[in-house]
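Letter by letter, the chains look like this.
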Amino acid sequence: MSGDPAVRRTVVVTGASAGLGYFTAEQLAVAGHRVVLACRDRERAARAEQAIRRAAPDASIAQVLVDLADLRSVTEAADAIAGLGPVDALVNNAGVVGSRRERRTAQGIELQIGTNHLGHFALTAQVLPLLERTAGRVVHVGSISHRWVRLDGRDPFRADPYVNYLQYARSKLAVMLFGFELAQRLADSGSSVRSVVAHPGLALDSLSPSRPGVVPSGPGAPWLRVGGRLVAQGKDAGAVPLVHAAVGDDVRSGAYWGPDGWFQLRGGATVVPAEPHAHDRTAAARLWEASAAVVGREPAATSV
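Cut-offs and rules
Residues numbered from 1 in each chain as written. Predicted model: local features only at pLDDT ≥ 70, side-chain atom pairs only at ≥ 80, totals over all residues. Heavy atoms only, no water. Pairing = 2+ DSSP bridges. Helix = DSSP H or I, 4+ residues; strand = E, 2+ residues; numbered from the N terminus. Axes fitted to C-alpha atoms, helices over the stretch in contact; angles between N-to-C directions. Buried < 20%, exposed > 50% of the residue type's maximum accessible area, 1.4 Å probe, protein only. Contact = heavy atoms within 4.5 Å. Salt bridge = Lys/Arg side-chain N within 4 Å of Asp/Glu carboxyl O. Core = buried A, V, L, I, M, F, W, Y, C linked by side-chain atoms within 4.5 Å.

1. Side note on the sheet that holds strand β6 (residues 194-198)
Reading across from one edge, β3-β2-β1-β4-β5-β6-β9-β10 is the order of the eight strands in this open sheet, with mixed pairing throughout. Every other strand in the sheet has two partners, leaving β3 (61-65) and β10 (269-271) as the edge strands with one partner each. With direction set aside, neighbouring strand axes in the sheet form an average angle of 25 degrees. Both strand β4 (residues 89-92) and strand β5 (residues 137-141) contribute to a ladder of four bridges, which runs parallel. Within β5, the residue paired with A89 across the bridge is R137.

Shown next as structure tokens:
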């Protein structure tokens, strides 16, 4: 497991009640770290905690409610996180996969980019002062889908043409632009906080091990499981780059972690290349400005 097992860190994981978020939290807990399950639903968070305790009975676990599609909820969650004591890492994992054009956040932004990027932009802005105190890090969960899309040059929240998978990809490109830009701005300010981007490859629920009440059983046909693993992996394996980015000792700010296999679809965690347009600072600046205008604040280093 990544990181020094003698050093127990406190890691906040958004969307920790299912999928990648759950396995990220479980792996951190098994390694001896304290995990904060930042989830939208209290009952699902409780089931996730129960499942983690089956794997790590002595785990230190806290829960925080957050709806990333509502900036008021994000502020309440940030206040709750601040009341839990020192925080070493924030894993911005939660996300909406698939939606409809008319679905919006409480602030009127298209749901996928509003949740996946904007909610995390707001949460990062409010948790960053805590991370300054611990020389901590922010992990932004990207996706290989960023390769095939661009954000609108005038309005980065524009969702036309609206196709589910294209809008999801735009939201993940926004996540990555923010993550890499934050790394640069923190470095320029002399901050000790690291901003890191990580992605899980092609991680599927159907290839993931079952966790009663949290992760359903995979496909029954052995050939389907074996065949799927030729080009994909379970979300337990997909969580490994996220965990390493959160607590690995060799993680530098601005790095992009993902699977080391063919086309970054599966494999062990390593530093991988992102497409050049994910590092476009002009596009990142437009996104940053638009995000700060909606949120009313921006992530900034603070003196402690």
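2. Here's the deal with the side chain of S17
Relative to the helices and strands, S17 resides in the loop between β1 (10-14) and α1 (19-30). For S17, a relative accessible area of 12% gives the class buried. Dropping the residues within four chain positions of it, S17 is found in contact with Y22, C39, R44, A45, A48 and V214.

3. A look at the environment of R281
Tracing the backbone shows R281 in helix α8 (residues 281-295). Judged by its relative accessible area of 41%, R281 falls in the partly exposed class. Between the alpha carbons of R281 and S195 there is a distance of 15 Å; along the sequence they are 86 residues apart. With near-sequence residues (within four places) excluded, R281 lies in contact with E181, Q184 and R185.

4. Notes on the pattern of salt bridges
It is possible for side chains of opposite charge to pair when their charged atoms get near one another. For the coordinates displayed, the defined rule picks out nine salt bridges. Its salt-bridge partner being D70, residue R72 comes within 3.1 Å of it at the nearest N-O pair. The exposure class of D70 is buried, given its relative accessible area of 16%. Overlapping salt bridges bring together E181, R185, R281 and E298 as one network.

5. Digging into the nonpolar core
One finds I81, L123, V127 and L131 to be the most contacted residues of the largest nonpolar core, which totals 51 residues. When neighbours within four sequence positions are excluded, L131 is seen to be in contact with V87, D88, A89, L90, G136, R137, V138 and V193. Grouped together as the second largest cluster of nonpolar side chains are 35 residues, V35, V91, V243 and A245 included.

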